[in-house]
Amino acid sequence: MQGTHPLDPETGGIVPPVHPSTTFARDAHYDLRGRTSYARDHNPTYEGVEDLLAHLEGGERALLFASGMASAAAVVQSLRPGDHVIALKVMYWGLRNWLIQFCADWGLELTLVDGDPDSLRAAIRPGQTKLVWIESPCNPLWQVVDIAAAAEIAHAAGARLAVDSTAATPVLTQPIALGADLVMHSATKYLNGHSDVVAGALVTARADDFWARTERNRKDLGAVLGSFEAWLLQRGLRTLFLRVRRSSETALKLAVHLAGHPRVSEVLYPGLPGHPGHAIAQRQMQGGFGGMLSIRVTGGFEAAQQVATGCRRFLPATSLGGVESLIEHRAAIEGPDSPIPPDLLRISVGIEHPDDLLLDLDRALESPA
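Let me sum up the structure you'll find in this document.

Basis of the calculations
Residues numbered from 1 in each chain as written. Predicted model: local features only at pLDDT ≥ 70, side-chain atom pairs only at ≥ 80, totals over all residues. Heavy atoms only, no water. Helix = DSSP H or I, 4+ residues; strand = E, 2+ residues; numbered from the N terminus. Rg over C-alpha atoms; globule rule 2.2 N^0.38 Å. Contact = heavy atoms within 4.5 Å. Lys, Arg positive; Asp, Glu negative; His and termini not counted. Charge placed at Lys NZ, Arg CZ, Asp CG, Glu CD. Buried < 20%, exposed > 50% of the residue type's maximum accessible area, 1.4 Å probe, protein only. Pairing = 2+ DSSP bridges. Axes fitted to C-alpha atoms, helices over the stretch in contact; angles between N-to-C directions. Phe/Tyr/Trp six-rings, centres within 6.5 Å; stacked < 30°, edge-to-face > 60°. Lys NZ or Arg CZ within 6 Å of the ring centre and 35° of its normal. Patch = residues over 30% accessible without salt bridge, like charges linked within 9 Å, V, L, I, M, F, W, Y side chains within 5 Å. Areas by Shrake-Rupley, 256 points an atom, 1.4 Å probe, with all protein chains shown as cover. Salt bridge = Lys/Arg side-chain N within 4 Å of Asp/Glu carboxyl O. 1 Å grid on protein atoms, 1.4 Å probe; cavity = no way out; pocket = protein on both sides within 12 Å on 5 of 7 lines; lining within 4 Å. Points joined across faces, edges and corners; volume = space filled by probe spheres on them. Nonpolar A, V, L, I, M, F, W, Y, C, P; charged D, E, K, R; others polar.

Thoughts on the overall build of the chain
Right, on to step 1. When its secondary structure is counted, the chain shows 13 helices and twelve strands.
Right, on to step 2. Over its C-alpha trace the chain gives a radius of gyration of 21 Å, about what one expects of a compact globule, namely 21 Å for 369 residues.
Right, on to step 3. With respect to the principal axes defined by its C-alpha atoms, the chain has extents near 75 × 50 × 35 Å.
Right, on to step 4. The contacts in the chain between residues at least 6 apart in sequence include a share of 71% that link residues at least 24 apart.
Right, on to step 5. Counting 32 positive and 41 negative side-chain charges, the chain places the averaged centre of each group 1 Å from the other.

Details of the pairing of strand S7 (residues 200-204)
Right, on to step 1. Of all five residues that make up S7, five are buried, and the element is covered over most of its length.
Right, on to step 2. Burial along S7 is two-sided: Gly-200, Leu-202 and Thr-204 and Ala-201 and Val-203, pointing in opposite directions, are all buried.
Right, on to step 3. Sheet topology note: the strand S1 (residues 61-65)/S7 ladder contains five bridges and is antiparallel. Bridge pairing in S7 links Arg-61 to Thr-204.
Right, on to step 4. The sheet contact formed by strand S6 (residues 182-185) and S7 spans four bridges and is antiparallel. By the bridge assignment for S7, His-185 is matched with Ala-201.

Considering unusual backbone geometry
Right, on to step 1. Cis geometry marks the peptide bond from Ser-136 to Pro-137; its omega dihedral reads -10°.
Right, on to step 2. The omega torsion of the bond from Asn-139 to Pro-140 falls at 5°, within 30 degrees of zero and hence cis.
Right, on to step 3. Of note in this structure, Trp-142 is not a glycine but carries a positive phi near 60°.
Right, on to step 4. Summarising the element assignment, Trp-142 is placed in the loop between strand S4 (129-135) and helix H5 (147-156).
Right, on to step 5. Given a relative accessible area of 2%, Trp-142 falls into the buried group.

Topic: the sheet that holds strand S3 (residues 109-113)
Right, on to step 1. Pairing within the open sheet is mixed, and its seven strands lie in the order S1-S7-S6-S5-S4-S2-S3. Every other strand in the sheet has two partners, leaving S1 and S3 as the edge strands with one partner each. Each strand of the sheet is rotated relative to its neighbour by a mean of 20°, with strand direction disregarded.
Right, on to step 2. H5 rests against S4 and strand S5 (160-164) of the sheet, and its axis sits at about 150° to S5.

Here's the deal with the packing of aromatic side chains
For any pair of aromatic rings, geometry is given as the distance between the ring centres together with the angle between the planes.
Right, on to step 1. With the rule as written, the count across this model stands at three aromatic pairs.
Right, on to step 2. The interplanar angle of 15° and the centroid separation of 4.6 Å between the aromatic rings of Trp-98 and Phe-102 together place this pair among those described as stacked. Of the two residues, Trp-98 and Phe-102 both sit in helix H3 (residues 93-106), four residues apart, roughly one turn of that helix.
Right, on to step 3. A relative accessible area of 22% means that Trp-98 is categorised as partly exposed.
Right, on to step 4. Here Phe-102 falls in the buried class, since its relative accessible area comes to 11%.
Right, on to step 5. Taking 5.9 Å as the distance between ring centres and 15° as the angle between the ring planes, the aromatic pair formed by Phe-228 and Trp-231 counts as stacked. A residue pair is termed a helical-turn pair when its members lie 3 or 4 positions apart in one helix, as Phe-228 and Trp-231 do in helix H8 (residues 227-237) at three residues.
Right, on to step 6. Residue Trp-231 is classed as partly exposed on the basis of its relative accessible area of 21%.
Right, on to step 7. Members of the aromatic cluster, joined through ring pairs, are Trp-98, Phe-102 and Trp-106.
Right, on to step 8. Here the basic side chain of Arg-218 rests over the ring of Phe-65, its NZ or CZ set 6.0 Å away from the ring centre.

Overview of a positive patch on the surface
Right, on to step 1. Taken together, the side chains of Arg-40, Arg-80, Arg-216 and Lys-219 define a basic patch exposed on the protein surface.
Right, on to step 2. Inspection of the secondary structure assignment puts Arg-80 in the loop between helix H2 (68-76) and strand S2 (84-88).

Quick word on the layout of surface pockets
Right, on to step 1. A volume near 440 Å³ is recorded for the largest pocket.
Right, on to step 2. Along the walls of the largest pocket sit 26 residues, with Gln-143, Val-144, His-275, Pro-276 and Gly-277 positioned nearest its centre.
Right, on to step 3. Per-element tally for the lining of the largest pocket: the top contributor is strand S8 (residues 264-268), with three residues.
Right, on to step 4. A per-class count over the lining of the largest pocket returns 15 nonpolar, five polar and six charged.

Considering the sheet that holds S8
Right, on to step 1. In space, the five strands of this open sheet follow the order S8-S9-S12-S11-S10, with mixed pairing throughout. Every interior strand has two partners, whereas the edge strands, S8 and strand S10 (315-316), have only one.
Right, on to step 2. Pairing analysis gives two bridges linking S10 to strand S11 (residues 326-329), with the strands arranged parallel. In the sheet register, Leu-315 faces S11, and the bridge partner there is Leu-326.
Right, on to step 3. Across the face of the sheet, helix H9 (residues 240-258) comes into contact with S8 and strand S9 (292-297) while running at roughly 20° to S9.

Here's what the structure looks like:
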């Protein structure tokens, strides 16, 4: 991280400056003084963040967006009417719901599948499938998708593979090294890590024509991040490895403990040997299995909601990846059409002491009312 963090050339400052200007003056010959003319096209504050993300993911270029949804939308909007898209049945629900509606309106064909290679292969339409969109681990059931296998299937049909790696982060998984063409992050989550910025990011394995269309979408649709938010994101990235590793270590301790709890019917966490995707996770997640897990509470919908509101260290709130631990009853958030079990609680593990978090969950599970 420090090797990609240059000093401010003007002052030698170790913290990068913020460039809040929306427009940039030209010289006496009416030439640009730098490479920026207007902030919707480019912002100098982005440069360090985008360079760092491209470096961490092993990609050629990166782009910042106003949100994770904006980054995903820029990719899908780079497709042409009639193109076929494959995505997962269980993934970030906001994107899944948007894909269903947008593809219908935009004239795109959409197929939602399970993440196993056989399902992906069966859904492929050679010559028509242009984008395969996966997530690993998949929010909020934390299934693990074999990225290398998905890349091979997509590329054999002439399609691109895009991976939402928000939960894994480049600390644990580098999808481009496994064959992915695009990596997406809701930078609101782990990349920022402080629950005070809404942002998105894309990294590409190569800056080709498709990437140029995606970059143009950001500019034309105005899906740009503010300069101060970009600066906050860069601040958060400086502690990314420390935070993710701490969260991953604690999440594993919680998962092991809760796996034997009488009021927990199932623990969904790739780090457990009994998880169906554990072997794949061992292969493609290096140094940990992430800070996210889900549990299923005996007693159904009401019991799960009571546990979520009965916690004191875990805050009952949406989102994930911050320094604070969160717990969320997903079925209550997603509504009656959700494919998520009604007794499922999604847990985002922060950086608090593991003993405090274990005690909090035990108390809430023992006395949910």
